[in-house]
Amino acid sequence: MFVARVTGSVVSTQKVASMTGHKLLVVEPYRLDEKKRQSLVTTGRTFIAVDTLGSGEGDFVLITQGSSARLTPETKTLPIDAVIIGVVDTVHIDKKSVFSRQES
Amino acid sequence: MFVARVTGSVVSTQKVASMTGHKLLVVEPYRLDEKKRQSLVTTGRTFIAVDTLGSGEGDFVLITQGSSARLTPETKTLPIDAVIIGVVDTVHIDKKSVFSRQES
Amino acid sequence: MFVARVTGSVVSTQKVASMTGHKLLVVEPYRLDEKKRQSLVTTGRTFIAVDTLGSGEGDFVLITQGSSARLTPETKTLPIDAVIIGVVDTVHIDKKSVFSRQES
Amino acid sequence: MFVARVTGSVVSTQKVASMTGHKLLVVEPYRLDEKKRQSLVTTGRTFIAVDTLGSGEGDFVLITQGSSARLTPETKTLPIDAVIIGVVDTVHIDKKSVFSRQES
Amino acid sequence: MFVARVTGSVVSTQKVASMTGHKLLVVEPYRLDEKKRQSLVTTGRTFIAVDTLGSGEGDFVLITQGSSARLTPETKTLPIDAVIIGVVDTVHIDKKSVFSRQES
């Protein structure tokens with residue numbers, strides 16, 4: 001999995017029937033800043049993931065990719081390869097807080 | 001999933017029998033412009049995806065990769081790893097429109 | 001899927017028993033030339049794929065990766081992650097021919 | 001699989017129900033130093049993996065990605081794409097030790 | 001699949017129970033030298049793969065990744081994403097030998 005920030009959403013009307021009613025969010029994977037190792041920074045990549053948790057723009061979330069994206073009750077028959085499995089509260093690296101939902 | 005632009009098509013006569021009659025489109029993944037964060041830009045990569053939605057050249061579409069590409073009614077027994085699951089109407093990032101089908 | 005050029009072959013005598021008799025080809029993924037967008041160029045990567053279609057050196061082919069490589073009649077029980085699913089006749093991008101088997 | 005160093009952890013309260021009680025660790029993939037080939041160095045990437053072995057910060061571990069992350073007794077129904085399958089004791093490359101748990 | 005050179009091994013005592021007794025080798029993916037196209041060169045990446053064929057350090061091998069790594073008799077229930085499916089005897093590209101086991 002990886003940590004990503006929810007930065008937007010996608011609307012698609014003409015789609016595979018089973019996708020009706022599923023929220024599609026734009027997520028940008030984050031990684032640790034290599035130099036200072038004190039914060040998370042964007043990787044510059046853009047993915048689309050299905051959300052079943054009510055995530056909102058600005059949230060940091062956990063993304064699962066591949067066939068395992070179908071291992072949640074709401075997504076098991078969907079043609080999707082990425083799903084949000086959790087909203088991130090905190091990330092600690094090297095025993096320091098590099099992300100806290102409350103402070104962001 | 002990722003957003004891609006349909007830019008072309010592939011013709012293959014000599015192929016695995018189950019692929020007969022399936023439309024193969026050239027798609028180029030797009031990502032958010034990192035600097036200004038106001039538009040989608042090509043990643044420079046080129047993929048081939050099966051289309052079951054009647055997508056056309058110039059359309060922005062949602063691509064699912066991997067085994068989940070077989071989770072649509074038309075593709076479930078195909079030896080494919082990429083399928084178009086929706087035609088994109090709009091993409092909003094940072095609460096701004098970065099793509100709108102009507103304007104493009 | 002992606003378009004690749006067949007450039008060689010691999011011989012392996014000591015192998016998993018189920019692989020006996022399967023042709024292993026060297027394939028190099030191609031992508032659209034980013035600047036002029038008029039031809040396909042190599043990505044510089046090298047993969048090995050199973051061929052069941054009688055592809056030959058110089059052919060442009062369609063490659064499927066991952067578990068879907070096992071979705072052809074000849075490959076369904078093989079420990080493989082890449083298969084040739086078609087020989088490419090033509091690729092059109094931006095309404096121009098960027099590859100034609102007859103001309104190559 | 002790849003070798004990674006455990007460098008932190010993630011807390012997520014709002015998550016897919018099946019994920020309750022599973023430890024989420026931050027892991028950074030390592031590779032051989034290309035020049036001297038005498039030690040493992042970080043790739044600069046950041047992943048999140050489920051741990052079922054009691055791994056701790058500073059440990060070098062083996063990570064399995066994709067659907068196989070569900071092939072352990074504790075993870076078989078989880079929507080995850082990365083799991084720790086072992087704690088690394090030693091890595092030898094070119095007949096030299098490039099990592100030893102006891103010395104680290 | 002890809003061609004890789006076996007360059008080392010990993011020892012892990014504390015691991016998922018099903019992994020007991022399986023040999024873990026360090027493998028480095030190789031690709032064709034882009035300029036001269038006359039030899040295979042390392043990609044600089046480092047993976048760990050399960051070996052069931054008695055491969056040794058220095059051997060060039062074929063690696064299968066993903067769920068298909070479980071499609072051999074010895075690996076079908078293992079939480080692994082990479083397996084050696086063959087020891088490479090020869091690689092020919094552009095009708096020239098770029099690797100031969102006997103000469104290496």
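Structure's up top.
Remember, predicted model here, so these are calculated numbers, not experimental data.

J.: What should I look at first to understand the overall build of chain A in this one?
T.: Looking only at helices and strands, chain A features 0 helices and 8 strands. Taken over the C-alpha atoms alone, chain A extends approximately 45 × 25 × 25 Å along its principal axes. Counting only contacts in chain A whose residues sit at least 6 apart along the sequence, the fraction spanning at least 24 positions is 53%.

J.: I would appreciate a short explanation of the interface of chain C and chain B in the present structure.
T.: How big an interface is tends to be expressed through the accessible area that disappears when the partners come together. Each side of the interface is counted separately: chain C has 27 residues, and chain B has 27 residues. Counting only elements with at least two residues in the side of chain C that touches chain B, the list comes to strand E1 (2-11), strand E2 (23-32), strand E5 (60-65), strand E6 (82-87) and strand E7 (90-93) of chain C. The class makeup of the residues in the side of chain C that touches chain B is 14 nonpolar, 9 polar and 4 charged. Direction of pairing for strand E1 (residues 2-11) of chain B relative to E7(C): antiparallel, over a ladder of 4 bridges. Note that in E7(C) the partner of B:Gly8 across the bridge is C:Ile93.

J.: Sorry if this is basic, but what is going on with the relation of the copies chain C and chain B here?
T.: Two copies of a chain can be linked by a rotation about an axis combined with a shift along that same axis. Superposition record for chain C on chain B: RMSD 0.0 Å, screw rotation 72 degrees, translation along axis 0.0 Å. Expressed as an axis order, the relation between the two copies is that of a five-fold axis. A distinct binding surface is used by each copy, with only 11% of the interface residues of chain C retained as interface residues in chain B.

J.: What am I meant to see in the arrangement of the chains here?
T.: What separates chain A from chain E at the closest point of their C-alpha atoms is a distance of 10 Å, and the two make no contact. There is a gap between chain B and chain E: no contact, and a shortest C-alpha distance of 10 Å.

J.: How should unusual backbone geometry be read in this particular structure?
T.: Of all residues except glycine, most have a negative phi; of all peptide bonds, most are trans. All names here are of chain B. Look at Arg37: it is not a glycine, yet its phi comes out positive at around 55 degrees. Locating Arg37 in the fold gives a position in the loop between strand E2 (23-32) and strand E3 (40-42). Unlike most non-glycine residues, Asp94 shows phi in positive territory, near 55 degrees. With respect to the element layout, Asp94 can be found in the loop between strand E7 (90-93) and strand E8 (96-100). C-beta crowding within 10 Å serves as the criterion here: with 13 such atoms nearby, Asp94 is assigned to the partly exposed category.

What counts as what
- Residues numbered from 1 in each chain as written.
- Chains lettered and ligands numbered in written order.
- Predicted model: local features only at pLDDT ≥ 70, side-chain atom pairs only at ≥ 80, totals over all residues.
- Helix = DSSP H or I, 4+ residues; strand = E, 2+ residues; numbered from the N terminus.
- Contact = placed C-beta atoms within 7 Å.
- Nonpolar A, V, L, I, M, F, W, Y, C, P; charged D, E, K, R; others polar.
- Pairing = 2+ DSSP bridges.
- Least-squares fit on C-alpha atoms with pLDDT ≥ 70 in both.
- Buried ≥ 20, exposed ≤ 12 C-beta atoms within 10 Å, placed from the backbone.

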